[in-house]
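Results of the structural survey
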Amino acid sequence: PYTTLFRSSSFLFSPKKTVVFQDESQQDVEMKAKPARKTKKVSISSNSDEGLGDLSFGPCSSLLPDIPPALARPTHNLKQAWTLWYFRADRSLSWEENQQAVATVTTVEEFWQLHQLLLPASQMASGCDLAMFRAGVLPDWEDPANLPGGRWIVRRERPQLDEAWLELLFYLLGEHSGHSLAREVNGVVVSARKKGDKVAVWLGDARHLAAVVDVGREVRARLGLEAQDRVMFSVHREDRERDRSQAPILL
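A few points on the structure. Small disclaimer: the values here were computed from a predicted structure and weren't measured.

**Observations regarding the overall build of the chain**
- Of regular secondary structure, the chain possesses six helices and 10 strands.
- Residues classed as buried in the chain amount to 46% of the 251 residues present.
- Relative to all contacts within the chain whose residues are 6 or more apart in sequence, the contacts with residues 24 or more apart total 70%.

**Looking at the packing of helix α2 (residues 108-117) against helix α3 (residues 158-174)**
- In contact at an axis separation of 13 Å, α2 and α3 are set at 165 degrees when each is read in the N-to-C sense. Between α2 and α3, the angle falls in the class roughly antiparallel. When the axes of α2 and α3 are compared, the crossing they make is right-handed. Within the contact between the two elements, α2 uses F111, W112 and H115 and α3 uses L166, L169, F170 and L173.

**Topic: the packing of α3 against helix α5 (residues 209-223)**
- Put simply, α3 and α5 touch, their axes get as near as 10 Å, and they point 130 degrees apart. In terms of orientation, α3 and α5 fall into the oblique class. Both α3 and α5 take part in a crossing whose hand is right-handed. Here α3 contributes A164, E167, L168, F170 and Y171 to the contact with α5, which in turn contributes V215, E218, R222 and L223.
- In terms of residue class, the contact of α3 with α5 is built from six nonpolar, no polar and three charged.

**So, the pattern of salt bridges**
- For the coordinates displayed, the defined rule picks out six salt bridges.
- For the salt bridge of E167 with R222, the shortest nitrogen-to-oxygen distance reads 3.2 Å. Placement of E167 in helix α3 and of R222 in helix α5 is noted, with a sequence separation of 55 residues between them.
- In this structure R222 comes out as partly exposed when scored by relative accessible area, which is 25%.

**So, the environment of V219**
- Inspection of the secondary structure assignment puts V219 in helix α5.
- Along the backbone, V219 and A164 are 55 residues apart, and their C-alpha atoms lie at a distance of 9.8 Å.
- Residues contacting V219, with those up to four places away along its chain left out, are V154 and V201.

**Some words on α2**
- In terms of burial, α2 is a largely internal element, nine of the 10 residues being buried.
- The complete set of buried residues in α2 reads V108, E110, F111, W112, Q113, L114, H115, Q116 and L117.

**Looking at the packing of aromatic side chains**
- Summed over all chains, the structure comprises four aromatic pairs.
- Aromatic side chains F133 and W202 sit 5.3 Å apart centroid to centroid with 80 degrees between the ring planes, which places their arrangement in the edge-to-face category. Here F133, found in strand β5 (residues 129-134), pairs with W202, found in strand β8 (residues 198-203); they are 69 residues apart in sequence, far enough to count as distant.
- Note on F133: relative accessible area 0%, which makes it buried.
- Residue W202 is classed as buried on the basis of its relative accessible area, which comes to 5%.

**Observations concerning unusual backbone geometry**
- One non-glycine residue, A89, lies in positive phi territory at about 60 degrees.
- Its location among the elements puts A89 in the loop between β3 (77-87) and α1 (95-98).

Parameters at a glance
- Residues numbered from 1 in each chain as written.
- Predicted model: local features only at pLDDT ≥ 70, side-chain atom pairs only at ≥ 80, totals over all residues.
- Heavy atoms only, no water.
- Helix = DSSP H or I, 4+ residues; strand = E, 2+ residues; numbered from the N terminus.
- Buried < 20%, exposed > 50% of the residue type's maximum accessible area, 1.4 Å probe, protein only.
- Contact = heavy atoms within 4.5 Å.
- Axes fitted to C-alpha atoms, helices over the stretch in contact; angles between N-to-C directions.
- Parallel < 35°, antiparallel > 145°, perpendicular 65-115°, else oblique.
- Left-handed = near helix turned anticlockwise from the far one by under 90°.
- Nonpolar A, V, L, I, M, F, W, Y, C, P; charged D, E, K, R; others polar.
- Salt bridge = Lys/Arg side-chain N within 4 Å of Asp/Glu carboxyl O.
- Phe/Tyr/Trp six-rings, centres within 6.5 Å; stacked < 30°, edge-to-face > 60°.

This is the structure we're talking about:
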């Protein structure tokens, strides 16, 4: 079901900037860009013998091949596991059938391998979403971890979508926000829509107003928004009940 989600050629993407992740030992891990190099096409089937091993995708599968410990470089653990979800927007399927868990990453290396295999978000079909959420949390208003929360929504033009999505992934997995704010954020979403593409940051509890505002300011800074740009905070309960009696928070 993920044929349209993955790149047709492998490992041709390399980040343009330095990103610092923090592993569970509190040490900073610097991910520096490397120049792109020509590589031959690699099959990502489970029978591949091109060095990728068994790239089985699922909520609990490892993306890395089975390398003997004596040959393996050290990996850098993320503070927690994160699951990538893909919403296909197939009208013949139910919401549950459309929402598919692609893979769960637990290390910086797994994240980069997954990211390099995926098509850019700007190439998703209209109506589709990509979401990165804490492992065990669904990108759904009804999930208990999301039920009292809300989301910051930012509209982006299609040429801006890939950079905005990557910046939010860095913000999420790198946990660059304060310790208390990091606990507030459950995930990030990128959505391709005919009426306008958007990215969103989901928070677990909309009642923590100070944290909501602080996260909104960090999102503005991460995306490099101008003074005239606006981000909107939407409460899940209000979205679910179609209640627009309260004005949204704008920053």
